[in-house]
Amino acid sequence: MRILSAQTAMDLQQVKRWHTRRVDHEQTVAAHTASMIALALILAEPYNLSAQDRCDLMQLALVHDAHETVFGDIPYPSRMKIFESKHMDIDQETRMEFWGGVDPYVEVTPQVRDLVEMADSLEAALWSQRYAPNLTAAVVSQAVAKAQQLLDNQGVARVLEILGIRPEVER
C-alpha cells in the first residue's frame, strides 16, 4: 500500500476543498481525510473485515486524495465533464501520476475500495449538510446513488441512517 511522506501529509492541510462553491466554512483535504477514515470504519463495522482489510481501509482512506497536493481538488462537475468528453477518470489519472504509475485503489480488495469510495461521498454529504446547505440536496443525492450502486441493502441502510434519511416504507 502507498505511504504518505511527512511533507505530503503536511501539504494536505493547505489544499482547499469546495473552492469553487459558496460555503459557510472552509475545509482542507486533511480535514476531509480525517473524517473519511472515521466514516470508512463506521461503514465497515457490519462487514466483519479481516485485520488486513481494516488496515487497508484506513490506509486507502488516508492516501485517497494525496495527489491533490500536486493537482489540487478538482471539483466534481469538472471531473464529470472530463469523463464525458475525454472518457478519462481524471482522479485515477492524477493518482497514478502522483504514485508513479500505480493507483492505490487497485492494491485493495473491491470491498475495501467500495467502502472508501462510499466514505468519500458520505463525508461530502455530511459536510454539505452542515456547511453548504445550498449544495446539500445534490451532494446527498449523489451519496445515496453511490450507496445503492456500491453497497448491499445493509450498507445502504447504514448510509441513510448516518445521513438522517428515513427510508420510505412501501404500502
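Above this note sits the structure.
As the structure is a computational prediction, the values presented were derived from the model and not from experiment.

Caption draft 1: View of the environment of Arg166. With respect to the secondary-structure elements, Arg166 resides in the segment after helix H9 (153-163). Take Arg166: its relative accessible area is 76%, and that puts it in the exposed class. On a C-alpha basis, the gap between Arg166 and Pro133 in space is 19 Å, while along the polypeptide they are 33 residues apart.

Caption draft 2: Here's a closer look at the packing of helix H2 (residues 29-44) against H9. One can describe the packing of H2 onto H9 by two numbers: an axis separation of 10 Å at closest approach and a directional angle of 130 degrees. Considered as vectors, H2 and H9 are oriented oblique to each other. Once H2 is placed against H9, the crossing between them reads as right-handed. Only Arg158, Val159 and Ile162 of H9 make contact with H2, whose side of the interface consists of Leu39, Ile42 and Leu43. The residue makeup of the contact of H2 with H9, split by class, is five nonpolar, no polar and one charged.

Caption draft 3: Highlighting the pattern of salt bridges. In this structure the tally under the stated criterion is eight salt bridges. Here Lys16 and Glu26 are joined by a salt bridge, their closest N and O atoms 3.7 Å apart. Of this pair, Lys16 sits in strand S1 (residues 16-17) while Glu26 sits in the loop between S1 and strand S2 (27-28), and the two are 10 residues apart along the sequence. Classification of Glu26 as exposed rests on a relative accessible area of 57%. Glu123 is the partner of Arg17 in a salt bridge, and the nearest nitrogen-oxygen pair spans 4.0 Å. On the criterion of sequence distance, the pair formed by Arg17 in strand S1 and Glu123 in helix H7 (residues 110-131) is long-range, its members being 106 residues apart. Judged on exposure class, the residue Arg17 and its partner Glu123 are both buried.

Rules used in this analysis
Residues numbered from 1 in each chain as written. Predicted model: local features only at pLDDT ≥ 70, side-chain atom pairs only at ≥ 80, totals over all residues. Heavy atoms only, no water. Helix = DSSP H or I, 4+ residues; strand = E, 2+ residues; numbered from the N terminus. Buried < 20%, exposed > 50% of the residue type's maximum accessible area, 1.4 Å probe, protein only. Axes fitted to C-alpha atoms, helices over the stretch in contact; angles between N-to-C directions. Parallel < 35°, antiparallel > 145°, perpendicular 65-115°, else oblique. Left-handed = near helix turned anticlockwise from the far one by under 90°. Contact = heavy atoms within 4.5 Å. Nonpolar A, V, L, I, M, F, W, Y, C, P; charged D, E, K, R; others polar. Salt bridge = Lys/Arg side-chain N within 4 Å of Asp/Glu carboxyl O.

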